[in-house]
Every structure is written in C-alpha cells, then in structure tokens.
Amino acid sequence: MVPGRAGAGAGIGACAAGFVLALAALFAAAAGPTGQNPFETIELKTYDWRMARTARPGGARKDIVLVDIDEASLRSLEPNAGRWPWPRAVHSLVIDFLARAKPALIAYDINFAEADSRAGFTMGGTTLSGEESDRALIDSVKNAGNVILLADATFDGDVAPPPPPPSGFSALDADGIVERRVIFPPFAALAGAAAGLGHNLFLFDRDGPMRHAVPFVRSRGGALPSLGLAAALRAAGIAPSEVRLDGRLLRLGDRVMPLASNTVASTEGPITYLWALIDFRGAAYPRGATYETYSFFDLLYSNEQLLAGQTPDVDPAELRDKIVFVGTSASGIGDTFATPFALGKMAGVQIHAALADDVLSNRFMHPIDETVRASTVAGMGILAGAAATLLPVWWAVAATAALVCGFAAIGLDMFARGTWLNLTQPVLASSLAVFGGVAYQYLVEGREKRAMKRLFGRYVSKDVYAQLVANPGLAQLGGRRREMTVLFSDIRGFTTVTERGRAEEIVGMLNEYFTRMVDVVFRRQGTIDKFVGDMVMALFGAPLDDPRHADHAVEAALDMLDALRALNAQWAAEGRVTGLDIGIGINTGPMIAGNIGSEQIMSYTVIGDAVNLGARLESINKQYGTRIIISEATRAQLTGSYQLRPLGDAVVKGRTQPVAIFEVVGRAPAAGGATV
C-alpha cells in the first residue's frame, strides 16, 4: 500500500475578565479554514498522550489476527522467490493455507493493480510465467471465497482511469465523502474472484501522525469502503443497503460511527471531507501485543509441510473463524505510518485491523460536542478568574492548578471511555483567567498593599503588618477619627552623655537604644510613628483597632524602662558611656489618624489635641521627678493592675484647663485594675 481578594464589584469585574479571556482562548484555538495553529497542535499531542496511556491491548478482539510480511520473511524468501515484489503464486500458497483453516474472512493489504506481464521466472526450481502466477492467485482467491482485496486510492496523478470498482453503497452519494480522481482495483480477473474490495487511502493530521480513518472514498459515482471497514461489514453481516450517511454520523446497520470534518487546501480551493477517529487498542510494538501476529514465511512453510505430509509449525486450526489481515511491516516497502504511539511506526495492515476492531466491537472515539467544548472553556475561565480574585495569589495559583489537574483527570477518564474532551482550550482559558486575576490583584489591590508596605513595613510588628497587607482596608488610610493612645519617650541627659563620648560610639549606642525600644513597642502591638532626635513617638490603636490600647501603651512604657536598665548594665560592663534615662508621657483620646504629608513625601501619623497633650506630659516628667506620666483619660481605660501615684492637676503648655495626671510606679502584684 502506498501512503498518501476584592470587593464584590472588583470580583465581578475580574470574573468577567476571566470570561472574556476564556472566550478569547476558545476563538484563538480555532483553526482557520486550512491551517493549524499551535494550540490545535498541542491538543493533538495531548490526544496522543491520552491514547498511549489509555490503550489496552488486552481489550483488542481475539478473533482478529495479522499475517505479517516482515523483514525475516523477505530475507527467507529471497533465494527462492526473489526480491519484493514476489510472484503472485507466493501469495496464492499462503491463501491456500489460510483457506484450509476456514477463517471468517481474509483481508489482503497488498496491491495487485496490474497483471503480471513477465514471460517467465523461476520460483523454487519451477518456471512460471506471469500469467500462470496470476492464475494461481485468482484460483486461490476464488476457492477461498472470502478474500477482500485492496483497491489503490492513493494515486493522485492525471492518467486514464480504469473502470470504477463495483459499489453497492449508493446511499453514500453525498458531500463529505473523499473524492478521488482515480481508484485502481486489482486487475479485472482477480477483482472478479474477490469477495470484496477495500481502499487503502490514509489521510494524516496536519502535525504528521495518522489518527483518523477515511471510511469511504468515491470515484466517478462509486463509493468504496476502506479495507478495514469492508472487512468489518462482511464479518458483521452488514449489507451495503444498511450503510448510510446521516450528517456527521455514519450508520452501519445497528452501529453508529461518529465523523468529523477536516478541511485541506487544494489547487481547486479548500476541500472539506469527513473522517473518523480510530480508537486504537495498542501500539505496533511489541509485536503481537495487540493482535496475534504470524510471520508470512511461517505460514508459507507450514503450507509446504502440509503438502509434504508433515506436522506444520502453525496449525491451521489456530486460524479457524478468525478475521485474518495480511500485510507488511517491512520498512523497505513503505507501508508503515506514524500514529499516536511514539514507539515505532505502525503497519498499515494493523491500522486496518484497528478500524475493523472498532466497528465490530461497536466502540468508537467520539469528539466532544462543540457546545460542550465552548461551555468547558468558558466555565474553566470563570472558575479560574473567580479563584484569582477571591483568593490570595498563591492560593489562587494552587486552586487553579488543582482545577486543571482535576479537569485533566476527568478528560483522561472520558478518553478511556471513548470521548475526546478538549484539554488545551479550557486549560489555556483558565491560565489566562488566573493570570488576568493575579494581574488585577497586583495592579489594583496590590497597589494598596504596596502602600501598606511603604507606610508600615518598618513601623509595625510583623503580625500587624501581615494583617494590613491581607486587609488594606483596615487601615483606612484616607483619615479617620479614632479613640487611641499615644506615647512619647525622650532621653534625659542626652547632651551630657554626648559630651562624654565619641560621636561614633554615641550613634552606636543610640541605634542600640532605638532597636530595643522598637522591639518593645512592637511586642505590645504598637506602631512607631516617628523618631525626632532622641524622641520616640508610638501609637496604640492605629492603624488597627485595639480595645486595650491604653494598657498596651502603659505596658510598653514599663518594658521600655526595663530595657533601658538592661542596656545601661550592658554598657557599663563594656566600659562604655552609661547613665541614660528616659521620660515617658502617655495620653488617650480622640485623634485623627491617616496619610498626612505632601504628594512627594507622605506618612501615616496622628494629629489632634490629645496628641499634643501626650507630648506635654512627657516633658513635665523633669518637673515632677518621674519617668512615666499618664493622663486621667488613660487611667480611666486601664484594665490591668498597675501602681499609680496621683500627681494632682497640671496645666500644660497650650491648654488653659488643668489635667489630672498620674505617675506609673510599676505593675501591681494583684489583678483588679489600676491601684492609686
């Protein structure tokens, strides 16, 4: 045979974007009238992968066997029959052997288009003419009575056509049947002896492999089935009158073969025809793994043994009631083809057998309906888009990966059951949708998170920062009046200390001091507002709400004193300048917290009278000889146990009304609120 995470509006918007991307993937993956884009090629490769993974050679029909004209047969017969092509008498001997076995039928995948015109040749010591050799083959085919021969439909040249092969498939005079300029049946006498004819036209997918069968071809009004289909129809007892084309369905008696259209370019313009997927049961190798295979030479030798009264190596009874396909896998003859299986090319005779297996088993590969395909593309895009907008980035990617894996698993299972579900387009749609959703998060929501990072990355604890990044809206950066507590801490006697030490040493000590103080503030859920010289300003209750902001500020103040004592002890042990002390002022009240500054430089801070009072309380520690002073407003909100000493009422700078103030002496030994 010759080859031829966002608000509702944002989520809806991104889901819509996912839907649009999904549809874009659907249309982008649709091939043009005669072309094939990369997405279609990828899908075909996934088809091959699924076919290789789901093929079950054990499920092949046991009544189909192959007789292979293999390399060993060519070598073994060369001394007696010459090189390929052999005299037809050689084939007659094998047909005679097969006829002894009484098989269901014999499908012969060898081209005998022309009569042998040689005057004479020697075969096994006997001289025969080409006519005598042809007569031997005609007689063997006629005596067997069940041999289906090959009609060559691969030639596309401009020659005088032979008479069209006989056809009873009148119901197939319809668009979609492959039209051939010429079909070469066996020479007339041999064709008349055959039980039927079948064509050998294979058409390939644009990426190379052969996945489809051409069920029928037509030439000058006559339709002819493929060799595999012709064998199946005869074996199943399906008459030509029971075969008809119904849209994209080929009805074969009680069986229905799904068809698909394919468009190719030609000198006369695009041509569209119908073909059918082959549901291969197994690969070409290892030999015999799918269909039991006999070497042609072994059968020929067994025939000689029978004629000589010997016990044959191959018992003809093994082939009784079998559907026997005879063909060649020898590489030099050129009848092997690339298929979905990567391991070696498959002989054309096995491809014919695979098609016959599909028809006889009523088992076909069904491409998914276009409506279902479009729905899966849109659905996968919407689901991935929703995941990308409703989940954090890595969760969205993980969810989409799980979605794709699940969809692929479903597609693989459906394939094993005979349905080809497109994988590439839905996976592409989900990938585009999740990319769009992630891009949306980065460009829209990520802008808020990056603002959080710029504003709070170095000024709040890791836990607070994580909450702000996850929920930027909690900070309300535009400005909000909050009930919160502010803490001011300033080093006392810093000027004296600087006069006693070197500048580099003082800077190092100051950095150590600030590091300890920041750790304390963060540990008590506070926020560093700013450093002004040696002063620290900290906020409690912003940017995140904190119902115990007053307690956390007082606890931080006490911890700051403990940390400073530890630092002084360390510096003393190291022989460095020591004697630092601090004063702390704490006030609670309504303050406005938000982004304050210019367009070029902006920071998150608080303003208000309550803030100013906190700064004034820090400065009067020198006047009272104290370290921590809090206001009445702060004391009123304390829930922890502290030792407080009333300092009376004080009129601070900038205020005309006196303020009740208290010294925080330390922590009280028992719970029950502030102890005065």
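Colleague: Tell me about the nonpolar core, and please be specific about residues and values.
Modeller: Core analysis: the biggest nonpolar cluster contains 58 residues, and Phe216, Val243, Leu250, Leu252, Met257 and Phe325 have the highest contact counts within it. Ranked by residue count, the leading element in this core is helix H9 (residues 348–361), at eight residues. Not counting residues up to four positions away in its chain, the partners in contact with phenylalanine 325 are Ile64, Val65, Leu66, Val67, Ala107, Leu227, Gly228, Ala231, Val349, His352, Ala353 and Ala356. Within the second largest apolar cluster, 53 residues are counted, among which are Ile106, Met123, Val178 and Leu300.

Colleague: Hey, could you go over the sheet that holds strand E12 (residues 249–252) for me, with residue numbers and the actual values?
Modeller: Read from one edge of the open sheet, three strands run E11-E12-E13, paired in antiparallel fashion. Strands with a single pairing partner mark the edges of an open sheet, and in this sheet they are strand E11 (243–246) and strand E13 (255–258). Taking each pair of neighbouring strands and ignoring which way they run, the sheet shows an average axis angle of 25°.

Colleague: Tell me about the environment of proline 209, and name the residues and values.
Modeller: The residue proline 209 is located in the loop between strand E7 (196–199) and strand E8 (212–213) in this model. The sequence separation of proline 209 and alanine 342 amounts to 133 residues, and the corresponding C-alpha distance is 9.8 Å. Each residue touching proline 209, except ones within four places of it in the same chain, is listed here: Lys45, Asp48, Phe204, Ala338 and Thr339.

Colleague: Any details on the environment of serine 619? Residues and values, ideally.
Modeller: Position of serine 619 among the secondary structure elements: in helix H17 (residues 609–619). Considered as a pair, serine 619 and aspartate 490 are 129 residues apart in the sequence and their alpha carbons are 8.2 Å apart.

Colleague: I'd like to hear about the environment of leucine 249, residue by residue, with values.
Modeller: The topology assignment puts leucine 249 in strand E12. With 25 residues separating them in the primary sequence, leucine 249 and leucine 274 have C-alpha atoms 9.6 Å apart. When residues no more than four places from it in sequence are discounted, the contact partners of leucine 249 are Arg244, Val256, Met257, Pro258 and Leu259.

Colleague: Tell me about a nonpolar patch on the surface, and please be specific about residues and values.
Modeller: Residues Leu390, Leu391 and Trp395 make up a contiguous nonpolar surface patch of about 350 Å² in total accessible area. Note that tryptophan 395 resides in helix H11 (residues 393–416). Using a relative accessible area of 61% as the deciding quantity, one classes tryptophan 395 as exposed.

Colleague: Outline the packing of aromatic side chains, listing residues and values.
Modeller: When we look at a pair of aromatic rings, we describe it by the centre distance and by the angle of the planes. Tallied over the full model, the rule gives 13 aromatic pairs. The interplanar angle of 35° and the centroid separation of 6.0 Å between the aromatic rings of tyrosine 108 and phenylalanine 112 together place this pair among those described as tilted. With respect to burial, tyrosine 108 and phenylalanine 112 carry one shared label: buried. Taking 5.1 Å as the distance between ring centres and 85° as the angle between the ring planes, the aromatic pair formed by phenylalanine 202 and phenylalanine 337 counts as edge-to-face. Of the two residues, phenylalanine 202 is situated in the loop between E7 and E8 and phenylalanine 337 in strand E18 (residues 336–337); the sequence distance between them amounts to 135 residues. The burial state of phenylalanine 202 is the same as that of phenylalanine 337; both residues are buried.

Colleague: Tell me about the confidence of the model for the chain, and please be specific about residues and values.
Modeller: Residue-level pLDDT values for the chain average 85, and 84% of them are 70 or greater. Below pLDDT 50 for its whole length, residues 1–14 participates in 34 contacts with residues either more than four positions away or in separate chains. Of the regions scoring below 50 in pLDDT, residues 28–34 engages in 16 contacts with residues more than four places distant in sequence or in other chains.

How each quantity is defined
- Residues numbered from 1 in each chain as written.
- Predicted model: local features only at pLDDT ≥ 70, side-chain atom pairs only at ≥ 80, totals over all residues.
- Heavy atoms only, no water.
- Core = buried A, V, L, I, M, F, W, Y, C linked by side-chain atoms within 4.5 Å.
- Buried < 20%, exposed > 50% of the residue type's maximum accessible area, 1.4 Å probe, protein only.
- Helix = DSSP H or I, 4+ residues; strand = E, 2+ residues; numbered from the N terminus.
- Contact = heavy atoms within 4.5 Å.
- Pairing = 2+ DSSP bridges.
- Axes fitted to C-alpha atoms, helices over the stretch in contact; angles between N-to-C directions.
- Patch = residues over 30% accessible without salt bridge, like charges linked within 9 Å, V, L, I, M, F, W, Y side chains within 5 Å.
- Areas by Shrake-Rupley, 256 points an atom, 1.4 Å probe, with all protein chains shown as cover.
- Salt bridge = Lys/Arg side-chain N within 4 Å of Asp/Glu carboxyl O.
- Phe/Tyr/Trp six-rings, centres within 6.5 Å; stacked < 30°, edge-to-face > 60°.
- pLDDT = per-residue confidence, 0-100.

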